[in-house]
Amino acid sequence: MSSRSSQSLGEMAMAPEADCAPGAPHPRQTSTLFGQAHAEENFLDAFNSHRMHHAWLITGPRGVGKATLAWRIARFLLAQPVEDEGGLFGDTPPPTDSLDLGHEHPVYRRSAQLAEPRLCLIRREWDAKKSRHGSVITVEEVRKLNSFFHMSAADGGRRVVIVDSADEMNVSAANALLKTLEEPPKDAFLLLISHQPSRLLPTIRSRCRELRLGPLQPADLAQALDAAGFDAAEQSDALAELSAGSVGEALRLTNLGGLDVYRDLVELFSTLPRLDRARALKLAEGCVGAANTDRYDLTLGLIDRFLTRLARAGAGRPPIVEAAPGEAALLTRLAPDSFAARDWAVLQQELSARAQHARAVNLDPAALILDMVFKINDTASRIAR
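In this report, we go over the structure that sits alongside the text.

Calculation notes
- Residues numbered from 1 in each chain as written.
- Predicted model: local features only at pLDDT ≥ 70, side-chain atom pairs only at ≥ 80, totals over all residues.
- Heavy atoms only, no water.
- Pairing = 2+ DSSP bridges.
- Helix = DSSP H or I, 4+ residues; strand = E, 2+ residues; numbered from the N terminus.
- Axes fitted to C-alpha atoms, helices over the stretch in contact; angles between N-to-C directions.
- Buried < 20%, exposed > 50% of the residue type's maximum accessible area, 1.4 Å probe, protein only.
- Right-handed = clockwise from strand over helix to strand, strands pointing away.
- Phe/Tyr/Trp six-rings, centres within 6.5 Å; stacked < 30°, edge-to-face > 60°.
- Salt bridge = Lys/Arg side-chain N within 4 Å of Asp/Glu carboxyl O.
- Expected span 1.5 Å × (residues − 1).
- Contact = heavy atoms within 4.5 Å.

Pairing between the strands of a sheet is mediated by backbone hydrogen bonds and can be parallel or antiparallel. Taken together, 5 strands build an open sheet; the order of strands is β2-β5-β6-β1-β7 and the sheet is parallel. Bordering the open sheet on either side are β2 (119-122) and β7 (209-212), each of which pairs with just one other strand. The average angle at which neighbouring strand axes cross in this sheet is 20°, direction not considered. Where strand β5 (residues 159-164) lies against strand β6 (residues 188-194), 6 bridges are found, and the strand directions are parallel. Each residue of the ladder has a partner; that of Asp164, found in β6, is Ile193.

Moving on, we come to the pairing of β6. With respect to burial, β6 is a largely interior element, 7 of its 7 residues being buried. Across 5 bridges, strand β1 (residues 55-59) lies against β6 in parallel orientation. What sits directly across from Thr59, in β6, is Ser194. For the crossover that starts at β5, traverses helix α6 (residues 171-182) and ends in the parallel β6, the hand is right-handed.

With that out of the way, let us pick up the packing of aromatic side chains. What the rule picks out here adds up to 6 aromatic pairs. On the basis of an interplanar angle of 65° and a centroid distance of 5.0 Å, the ring pair of Phe43 and Trp56 is categorised as edge-to-face. With Phe43 in helix α2 (residues 37-48) and Trp56 in strand β1, the pair connects residues that are 13 residues apart, well separated along the chain. Take Phe43 and Trp56: they sit in the same class, and that class is buried. Taken together through their ring pairs, the aromatic side chains of Phe43, Phe47, Trp56 and Phe76 make up a single cluster.

To continue, consider the pattern of salt bridges. For the structure shown, the criterion picks out 21 salt bridges. For Arg72, the salt bridge goes to Glu40, with nearest N and O atoms at 2.7 Å. Taken as a pair, Arg72 in helix α3 (residues 66-79) and Glu40 in helix α2 lie far apart in primary sequence, 32 residues in all. Judged by its relative accessible area of 5%, Arg72 falls in the buried class. A residue is classified by how much of its surface remains accessible, and Glu40, at 12% relative accessible area, is buried. Notably, a salt bridge pairs Glu116 with Arg118, separated by 3.6 Å at the nearest N-O pair. Here Glu116 and Arg118 have matching classes, each one buried.

A word on helix α5 (residues 139-152). The end-to-end C-alpha distance of α5 is 20 Å, a good match for the 20 Å that 14 residues give at a rise of 1.5 Å each. Within the sequence span of α5, burial applies to Val139, Glu141, Val142, Lys144, Leu145, Phe148, Phe149 and Ser152. The inward-facing, buried residues of α5 abut β2, β5, α6 and β6.

Turning next to the pairing of β5. Within β5, 6 of the 6 residues are buried, which leaves it mostly tucked inside the rest of the structure. Here β5 shows two buried faces, one formed by Arg159, Val161 and Val163 and the other by Val160, Ile162 and Asp164. Alignment of β2 against β5, held across 4 bridges, turns out to be parallel. The residue bridging Leu119 from the neighbouring strand is Val160, located in β5.

Following this line, the structure appears as structure tokens:
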């Protein structure tokens, strides 16, 4: 078995990949990792000092490079000789200070095509009949490891498993993976990607060494976007603010015009507490219909982000950089003190829960957006009194 799943390469080429952000290159095709040098150094220190753990839990917010790091580590491990192989003349290979592997290296080429026999990728499967991915990683996916380790044993060298993401395993899958973590095969390494490690079984976390990745700074974010084919140098500060340092979220904002939507929200909320209802209705109607599903999700997320920034500003932690023109003055006016900050924080939690429920029951997008805007206006009116 190789890193490809049970689907043919042709089927996978046609189907979206569950572990890839829309509009972004897949992490296995991203050779450079920006802003996470500390995590790479920690791994290389363990490798060079021969203190390699068999399981690594790569954690951090979504979109900061966890999967890119996992693929860099996987390629590196597969390309390096194992200790008992020695170097060309039986010598121990010298320490290395980089995970880089050239695009022409056979391991890089095979892994990019999901054709590396010593690499197994566990992720949510694409259901061709329903034209969607499964909601969880099932136990059947994890059980593929048994045949993978059996078939790859004859190849010699290291074997690597990437689970993207471990948070998506159901209980049966998690328990099946735990057995492998407890008794890993010889020269096997497991790389578990997790956005919310607290959701994992404590027994899984305890058997892994953690590599923690943090949000990217604006300069690193701009470099990452440029490497992905997006020229966002002039917008990097605003994107860093709204994306919380996540490349994946910044790509989503860029692809969907997120900065323009946020600017429209700031302009709309600048009319509070005398809400411009015509503008509010236009915002809501722009989220209606199957073609506007992504815009609907984006608008909900940006309203939530605006409320969070309001609460922080009132609590004495205003954003250093404006994410839209006039935002700083608006935050100061709507959240003048800690009492207002508390009101905005409570409303943010209330509306976040309401949005989650509305999506679950397929509430009309326009009705939800308008209801949220009216509640924001009501809170602004109360604070202004």
